[in-house]
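Chain residues, written in single-letter form:
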Amino acid sequence: MHKLNGSCGCGAVTYSLECEEIKAVFCYCKQCQIHTGSDKWFGLWVAKDKLNLNQTNVTSFTREGDSGQDLNHLFCKTCGTTVCVDVTVGHFYSVAVSTLKSDQTFTPSMAIYTASAPTWAVFPQGVPKFDILPPGLGG
Ligand SMILES: [Zn+2]
Ligand SMILES: [Zn+2]
C-alpha cells in the first residue's frame, strides 16, 4: 500500500491518496498537451474511493472523452494547477504525478494516445505504446 500526499502550485488544494499498485500512465492526447503545456500528462491512476481531496479551493472543467462520458478536470481556483482528472467512465482519478509532494520514482506503465503526440514528443524507452488505448480499456 502506497500512501502519498500532494498539492497544487500555491498549496491551497491538498490531497492524500492510497493505492495498492502504482499505475502511472503517459497520455499524449491533444487535450493533455493543452492542459500541461507539454507533450503529455503523467497521471497516477487511483481508484475513486482512495483519493481524499480537499475540495474547498477546487473548481472544474468538464469535457467529453472519446467514450462519450465526462472527464472532469479538477484544478485550483487560485493558481490553476490541474491536480487530477475524474475519469468517470473508468471510475478512477488520474492524479498529476507532478503535484505529488515527495519525489517518487515512478516508472510509466504505458503510453497512450501516442498517435496524437506532437512530432517533438519524447517517448520513454521500454514503455508499451498504444495509438489510442490498450484493448479492454474503454477510455
Ligand atoms: Zn493552487
Ligand atoms: Zn490525455
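Please refer to the structure higher up on the page.
Keep in mind it's a predicted model, so treat the numbers as computed, not measured. (Residues numbered from 1 in each chain as written. Chains lettered and ligands numbered in written order. Predicted model: local features only at pLDDT ≥ 70, side-chain atom pairs only at ≥ 80, totals over all residues. Heavy atoms only, no water.)

Here we come to the overall build of the chain. Check the secondary structure of the chain and you find 1 helix and 10 strands. Traced from its N-terminal end to its C-terminal end, the chain shows the element sequence β-β-β-α-β-β-β-β-β-β-β. Of all 139 residues assigned to the chain, the portion counted as buried reaches 44%. Pairs at least 24 apart in sequence give 51% of the contacts found in the chain among residues at least 6 apart. Accessible surface, the chain as shown: approximately 7300 Å² in total, 48% of it carbon and sulfur. Across the chain, the 10 positively charged side chains and the 11 negatively charged ones have centroids separated by 5 Å. (Helix = DSSP H or I, 4+ residues; strand = E, 2+ residues; numbered from the N terminus. Buried < 20%, exposed > 50% of the residue type's maximum accessible area, 1.4 Å probe, protein only. Contact = heavy atoms within 4.5 Å. Areas by Shrake-Rupley, 256 points an atom, 1.4 Å probe, with all protein chains shown as cover. Lys, Arg positive; Asp, Glu negative; His and termini not counted. Charge placed at Lys NZ, Arg CZ, Asp CG, Glu CD.)

Coordination angles at a metal have ideal targets, namely 109.5 degrees for four tetrahedral donors and 90 or 180 degrees for six octahedral donors. Of the protein atoms, only Cys8 (SG), Cys10 (SG), Cys76 (SG) and Cys79 (SG) coordinate the zinc ion (ligand 1), at distances of 2.3 to 2.4 Å. Angles of 107 to 114 degrees at the metal separate the 4 donor atoms of the zinc ion (ligand 1), which places the site in the tetrahedral class. Within one chain, the residues donating to the zinc ion (ligand 1) are spaced in sequence as C-x1-C-x65-C-x2-C. The exposure class of cysteine 76 is buried, given its relative accessible area of 1%. (Donors = N, O, S within 2.8 Å, 3.2 Å for Na, K, Ca; no water. Tetrahedral: all angles 85-135°; square planar, octahedral: opposite > 155°, others 65-115°.)

With that out of the way, let us pick up the coordination of the zinc ion (ligand 2). Those protein atoms acting as donors to the zinc ion (ligand 2) are Cys27 (SG), Cys29 (SG) and Cys32 (SG), and they sit at 2.2 to 2.3 Å. Donor residues for the zinc ion (ligand 2), ordered by position in the chain, follow C-x1-C-x2-C. The residues cysteine 27 and cysteine 29 share a single accessibility class, namely buried.

Glancing now at the pairing of strand 4 (residues 41-47). Extensive coverage of strand 4 is indicated by the burial of 5 of its 7 residues. In the sheet, strand 3 (residues 24-27) pairs with strand 4 via 4 bridges, with the strands oriented antiparallel. Among the inter-strand pairings, phenylalanine 26 is bridged to a residue of strand 4, identified as phenylalanine 42. As judged from the 5 bridges shared by strand 4 and strand 9 (residues 92-96), these two strands associate in the antiparallel manner. Looking at strand 9, one finds that leucine 44 is bridged to valine 95. (Pairing = 2+ DSSP bridges.)

Counting 21 residues, the largest nonpolar core has Tyr15, Leu17, Leu44, Leu51, Leu53, Val95 and Leu100 as its most contacted members. When contributions to this core are tallied by element, the ones reaching two or more residues are strand 2 (14-19), strand 4, strand 5 (51-53), strand 7 (70-76), strand 8 (82-87) and strand 9. Broken down by element, the residue count for this core peaks at 3 residues, all from strand 2. Sequence-distant contacts of leucine 100, defined by excluding residues within four places in its chain, comprise Leu4, Asn5, Gly6, Tyr15, Leu17, Leu44 and Phe106. Counting residues in hydrophobic clusters, the runner-up holds 15 residues, among them Cys29, Leu71, Phe92 and Tyr113. (Core = buried A, V, L, I, M, F, W, Y, C linked by side-chain atoms within 4.5 Å.)

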